[in-house]
Every structure is written in C-alpha cells, then in structure tokens.
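# Working through the structure, step by step
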Amino acid sequence: MFLVGLSGGIASGKSTVVAVLRELGCAVIDADVIAREVVQPHLKAYQQIVRCFGPEILQESGEINREALGNIIFSHPEKRRLLNAITHPEIQKEMLKQVLKYFVLGYRYVILDIPLLFETKGLTKFMKHTVLVYCDPQTQLARLRKRNGLSQAEAEARIASQLPLDEKRRLATHVIDNSGDRESTRQQVLRLHARLEDSLDFLWARLVVGTAVAALGGLLYLLLQHFIS
C-alpha cells in the first residue's frame, strides 16, 4: 500500500474530486474531519486551545467556536502557528491509525485529503504521489465570491493567505484541472485512479510480504498436521 496526498486551494473544487474518489470506493482520510474531532471537549488539544486562546472562543455548549477561532488566526499568523502546533500532532496520530486500518483491510492505496499539504511540507515526504486540484485564478476568485458571498477584496485576501495554486502546481506529481465542468473533472479523476491502481509502486514489498504470509501459513498448516497426526 502507498499514500497519495491530495490538496487544493480555497474554492478550487477539492470536495468535487473527493466525492468522485469515494464513489470509486477509494479510501479517503479527511484531515479537516479529523481536525474537528480532535478538538472536541475534554480532549488534549481542546484543553490546550482553551488555555492558550481563552474561554471567549467557546460556544455556550462548551464546544470551540470555529468561526471565532478562525477570525483570530486569520489576522494573526503567530496565533495560527500556535494553533497548528497544538492540533497537528493529534491530527497526525489519528491519520496514522486510519492508515493502518486501511492497510489491514488490504487497500491498494490511501488518499490523505490535506488542505495545507504543500504549505506544511513535512508530510509530502511520506507520499508516493501528490495530487493538486487546480483551477485558474479567475475561476477560483469567482467561485469563492459566489460561494461565501464575499466582496472582491475579501475574497482576494482569503486566497492570498494561502500558497498560490500555480506554485502548488509545480510541487505536485499529478494535477486535476477543475477549471471546466464537472464531467471533465470526473474523467481526469477516473484516469488518475486507473493509473494508481495499475502502478507497480512497491511491487517488491508486496511480493516479499505475500511470500512471507504464504510461508507462515504453510508452516502453521504443517504444524497443525503434525499435532493432529
């Protein structure tokens, strides 16, 4: 099994690509979902966040107000780095657990859906392939404004807070261009999936593991036969 890192930019259409991958039965681990899970009340990351950012970021229910916390880290880069230092280790632990689960289940590859894959850089070294969901800057800006009801300046500021898609494009091993219609994107995802399924990546490792499992099974069979007889 090998790992495939999937990323994009705000309003580039990554959720569309993930939906197609799930339809194909691919194993997808969503870092955003895990990020929400690890900050639930009474967990380690939750307690650290409240201690560092104060109780004013909490809702009446006691859960973290993601919008209030987002407003803080959006305008204060040092606060964003602090939050990342708290949450990233917990997120990575949970991702590793899920990777091991899919390994045991025998999946050919696992997709790690990580919005800041190329910004953090440290995780890319664990990926055999990296995939960027791309769209041209004009389309990205228009989609963001329509989706979030933002002004031109607000949308541009959100986009500017991330690594530009053109720069990420140079770092990725595969690019899904989502500038066009959904069917065009779907066809690109189908081709990528077929390529990954047919790849010979880690063939030697799979042969070694397969041989070892077969040998162990044979040994156990012989031992059982010996004791039965």
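Residues numbered from 1 in each chain as written. Predicted model: local features only at pLDDT ≥ 70, side-chain atom pairs only at ≥ 80, totals over all residues. Heavy atoms only, no water.

In this structure, the largest pocket encloses a volume near 1,900 Å³. Counting residues per element, the lining of the largest pocket draws most heavily on helix 5 (residues 77–105), which supplies 8 residues. Residues that form the lining of the largest pocket fall into these classes: 17 nonpolar, 18 polar and 13 charged. In this structure, the second largest pocket encloses a volume near 300 Å³. Leu3, Leu96, Val99, Leu112 and Phe126 are the residues nearest the centre of the second largest pocket, which is lined by 13 residues in total. Secondary-structure elements contributing two or more residues to the lining of the second largest pocket are strand 1 (2–7) and helix 5. Residue contributions to the lining of the second largest pocket peak at 4 residues, all from helix 5. Its residues assigned to classes, the lining of the second largest pocket comprises 11 nonpolar, 1 polar and 1 charged. (1 Å grid on protein atoms, 1.4 Å probe; cavity = no way out; pocket = protein on both sides within 12 Å on 5 of 7 lines; lining within 4 Å. Points joined across faces, edges and corners; volume = space filled by probe spheres on them. Helix = DSSP H or I, 4+ residues; strand = E, 2+ residues; numbered from the N terminus. Nonpolar A, V, L, I, M, F, W, Y, C, P; charged D, E, K, R; others polar.)

Moving on, we come to the pattern of salt bridges. Summed over all chains, the structure comprises 5 salt bridges. With its nearest N and O atoms 3.1 Å apart, the salt bridge here joins Glu119 to Lys168. Taken together, the residues span a long stretch of sequence, with Glu119 in helix 6 (residues 117–120) and Lys168 in helix 9 (residues 165–171) at a distance of 49 residues. By relative accessible area, which is 26% here, Glu119 ends up partly exposed. One salt-bridge network, in which partners are shared between bridges, spans Lys44, Glu90 and Lys93. (Salt bridge = Lys/Arg side-chain N within 4 Å of Asp/Glu carboxyl O. Buried < 20%, exposed > 50% of the residue type's maximum accessible area, 1.4 Å probe, protein only.)

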